[in-house]
Number of protein chains: 2
Amino acid sequence: MNRKVPGPTLMRLATYLTYLAELDAKGVDTISSAQMEDRTGINAAIFRKDLSYFGEFGKPGIGYGVHELSAKIAAILKVDREQGVLLVGAGNLGSAIVAYPGLRSRNFHIAAVFDNNYNKIGRKLWDLEILDIANVKEVNKQLGARIAILAIPASAAQEVAEMLVEADVRAILNFAPVTLRLSKHIAVRNADSVQELAVLSYHLSDQDA
Amino acid sequence: MNRKVPGPTLMRLATYLTYLAELDAKGVDTISSAQMEDRTGINAAIFRKDLSYFGEFGKPGIGYGVHELSAKIAAILKVDREQGVLLVGAGNLGSAIVAYPGLRSRNFHIAAVFDNNYNKIGRKLWDLEILDIANVKEVNKQLGARIAILAIPASAAQEVAEMLVEADVRAILNFAPVTLRLSKHIAVRNADSVQELAVLSYHLSDQDA
DNA sequence: TAGATTGTTAATCGATTAACAATC
DNA sequence: TAGATTGTTAATCGATTAACAATC
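Reading guide: rules and limits
Residues numbered from 1 in each chain as written. Chains lettered and ligands numbered in written order. Predicted model: local features only at pLDDT ≥ 70, side-chain atom pairs only at ≥ 80, totals over all residues. Heavy atoms only, no water. Near = heavy atom within 4 Å. Polar contact = N/O pair within 3.5 Å; in protein donor to acceptor, adjacent residues only side chain to side chain. Helix = DSSP H or I, 4+ residues; strand = E, 2+ residues; numbered from the N terminus. Nonpolar A, V, L, I, M, F, W, Y, C, P; charged D, E, K, R; others polar. Contact = heavy atoms within 4.5 Å. Buried area = accessible area lost by both parts, 1.4 Å probe. Salt bridge = Lys/Arg side-chain N within 4 Å of Asp/Glu carboxyl O. Least-squares fit on C-alpha atoms with pLDDT ≥ 70 in both. Buried < 20%, exposed > 50% of the residue type's maximum accessible area, 1.4 Å probe, protein only. Pairing = 2+ DSSP bridges.

Draft legend 1. Structural context of the protein's contact with DNA strand D. Around DNA strand D lies a shell of 25 residues, among which S33(A), R48(A), G58(A), Y64(A) and R12(B) are the nearest. The contact in question runs from a phosphate oxygen of DNA strand D to an N or O atom on the side chain of N43(B), over 3.5 Å. When contributions to the surface near DNA strand D are tallied by element, the ones reaching two or more residues are α3 (44–52), β2 (58–59) and β3 (63–65) of chain A together with α1 (7–25) and α3 (44–52) of chain B. For the surface near DNA strand D, the element with the most residues is α3(B), which contributes 4 residues. Looking at the surface near DNA strand D residue by residue, the classes come out as 9 nonpolar, 8 polar and 8 charged.

Draft legend 2. How the structure looks around the side chain of S95(A). With respect to the helices and strands, S95(A) occurs in helix α5 (residues 92–99). Apart from the residues within four sequence positions on either side, S95(A) is in contact with L125(A) and W126(A).

Draft legend 3. Local environment of the interface of chain A and chain B. The interface is formed by 61 residues belonging to chain A together with 61 residues belonging to chain B. Interface of chain A and chain B: buried area, both sides summed, is about 5,500 Å²; carbon and sulfur atoms make up 64% of it. Contact with chain B buries surface across chain A, with L197(A), L200(A) and Y202(A) losing the most and accounting together for 13% of the total. Linking chain A with chain B are 2 salt bridges. E196(A) is the salt-bridge partner of R189(B), the closest N and O atoms lying 2.3 Å from each other. Along the contact surface separating chain A from chain B lie 24 residue pairs in polar contact (both at pLDDT 80 or more). Mapped by element, the contributors of at least two residues to the side of chain A that touches chain B are α1 (7–26), α2 (33–40), α5, α6 (101–105), β8 (147–150), β9 (171–174), β10 (187–190) and α9 (193–203) of chain A. Ranked by residues supplied to the side of chain A that touches chain B, first place goes to α9(A) with 11 residues. Counted by class, the side of chain A that touches chain B contains 34 nonpolar, 14 polar and 13 charged residues.

Draft legend 4. Representation of the relation of the copies chain A and chain B in the model. Overlay of chain A on chain B (RMSD 0.0 Å): rotation 180°, translation along the axis 0.0 Å. Taken together, these values place the two copies in the relation of a two-fold axis. Mapped onto chain B, 100% of the interface residues of chain A are again interface residues, and the two copies thus contact each other with one and the same surface.

Draft legend 5. Fine view of the pattern of salt bridges. Residue and element names in this part refer to chain B. Under the defined criterion, the tally for this structure stands at 14 salt bridges over all chains. A salt bridge links R81 to D80, with the shortest nitrogen-to-oxygen separation between them at 2.9 Å. Salt-bridge contacts for K141 lead to E138; the nearest nitrogen and oxygen are separated by 3.9 Å. With K141 and E138 both in helix α7 (residues 136–143), this residue pair falls 3 residues apart, about one helical turn. Of the two residues, K141 and E138, both sit in the exposed class.

Draft legend 6. Summary view of the protein's contact with DNA strand C. Around DNA strand C lies a shell of 25 residues, among which R12(A), S33(B), R48(B), G58(B) and Y64(B) are the nearest. Within 4 Å of the protein, the atoms of DNA strand C are drawn from sugar and phosphate moieties in a proportion of 68%. In this structure, R12(A) approaches DNA strand C through a side-chain N or O atom, which is 2.9 Å from a phosphate oxygen. Here a sugar or linking oxygen of DNA strand C and a backbone polar atom of G61(B) are 2.9 Å apart. For the surface near DNA strand C, the secondary-structure elements that each account for two or more residues are α1 and α3 of chain A together with α3, β2 (58–59) and β3 (63–65) of chain B. Of the residues contributing to the surface near DNA strand C, the split by class is 9 nonpolar, 8 polar and 8 charged.

Draft legend 7. Region of interest: unusual backbone geometry. All names here are of chain A. The backbone phi angle of K78 is positive, close to 60°, even though this residue is not glycine. By the secondary structure assignment, K78 is in the loop between α4 (66–76) and β4 (83–88). One non-glycine residue, D168, lies in the positive phi region at around 75°. We classify D168 as partly exposed; its relative accessible area is 40%.

Draft legend 8. Structural detail: the sheet that holds strand β7 (residues 128–132) of chain A. Residue and element names in this part refer to chain A. As summarised here, the arrangement of the 7 strands in space is β6-β7-β5-β4-β8-β9-β10, forming an open sheet in which the pairing is mixed. The open sheet has two edge strands with one neighbour each: β6 (124–125) and β10. Where β9 meets β10, 4 bridges bridge the pair, whose relative direction is parallel. Each bridged residue has a counterpart across the sheet, and for N174 the counterpart in β10 is N190.

Draft legend 9. Spotlight on the side chain of D115(B). Residue and element names in this part refer to chain B. Among the structural elements, D115 can be located in strand β5 (residues 108–115). Looking at D115, its side chain comes within polar contact range of the main-chain nitrogen of A90, at 2.8 Å. If sequence neighbours within four positions are ignored, D115 has contacts with G89, A90, G91, K120, I121, I130, L131, D132 and I133.

Draft legend 10. Looking closely at the environment of P6(B). Residues and elements named next belong to chain B. Within the secondary structure, P6 is located in the segment before α1. Relative accessible area serves as the criterion here: at 29%, P6 is assigned to the partly exposed category. Each C-alpha atom of the pair P6 and H67 lies 25 Å from the other, and the pair is 61 residues apart in sequence.

Draft legend 11. Seen up close, the environment of K120(A). Residues and elements named next belong to chain A. In this fold, K120 is placed in the loop between β5 (108–115) and β6. A sequence separation of 97 residues divides K120 from L23, and the C-alpha atoms of the two residues are 42 Å apart. Excluding anything up to four places from it in sequence, K120 contacts A90, G91, D115 and I130. Only 3.5 Å separates the side chain of K120 from the backbone oxygen of A90, close enough to count as a polar contact.

Dropping the structure here:
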């Protein structure tokens, strides 16, 4: 278990897992790195290199056992067990996140929803009661979630992120368009879709735009 | 206008713009690369290097004019003009996207919403009528949108993406957990948040997970 | 002029990829 | 054994960063 796994490798590992789980469900037994390239669009050499950071999972001349490799990658990413997730922000995005079946199917489980709006606190978001963000530390003593999703406006994101860290959250998926400044030990990933759209916009040719 | 701008540079450009627009609104006149680093967390040398792909925007000893630089970056990313966007998928995520004010404020404008579900077609998503995805080519002849957002299940994504390309869309933001296989001339960015959560999950220490 | 900060160079660091010996 | 495919090496490619001459 090498310590220095490249960031892009981790993202690709998650992609491999998506496809392997699908193949496994279909009953496919074995797959080669070249066949994976056909499906994922990721170069076969990169696929093999990515796996090599974690061990040897294939058989020369044969390929990889789909079920076995799927299980191995799930274990590497720690998605082989259920992960509790705190959701902050009971707005439209928060609502879509709670309703999204893709979370459950990949072992992520929204353990609680928080907001700071007193018109929302106490009401329900789907089947979850909306809790006061002021109580997050207290609540998470019971829940023990280590991952949180920030689905709130940029103006509140830094403050709430600090509260989450206080509540023992170690990893944050941030949908707000702001750079969180937190301890280096906290893993943060940004998911600002407007930023993604801006990059796409750049790629339009001038006659298009 | 160099042809070979690194991908990470484009993402950072969008980040700079977020902060510069904010500073500009606050009436800040001038900012140095070191001050930008304080705000964005992005190294000052990288900031200057990123800009250097597009020209010289600063004054030695002084820094950068906030308003001017903001306008320049907006022009580079082509977000200085309104960009029409087709949204496919009138589910919970689609609903959150239409309602998100951050799109409008950055000049992205949802021009039409499509779905393939006959229970939804003809109904409204907020103030937009849900149109039949089968008509996307026809409809976009009028609208002329070049960007689309895919907020549909993975099983339909490839097929719909091909329809979008037929309808002259050149850039796709894909929320479905699937790798789209399209012509190299089509820009695609993936925004699979479950994949992001998996990467965060990896970073949890074993005692946490 | 003195102080500050740019734009760019060059060194470093890291990731991708082709090629191939090892092995099933 | 012959054919296929792995895991790894080494070459290439690309991005980050420190350092500094140029310049306001």
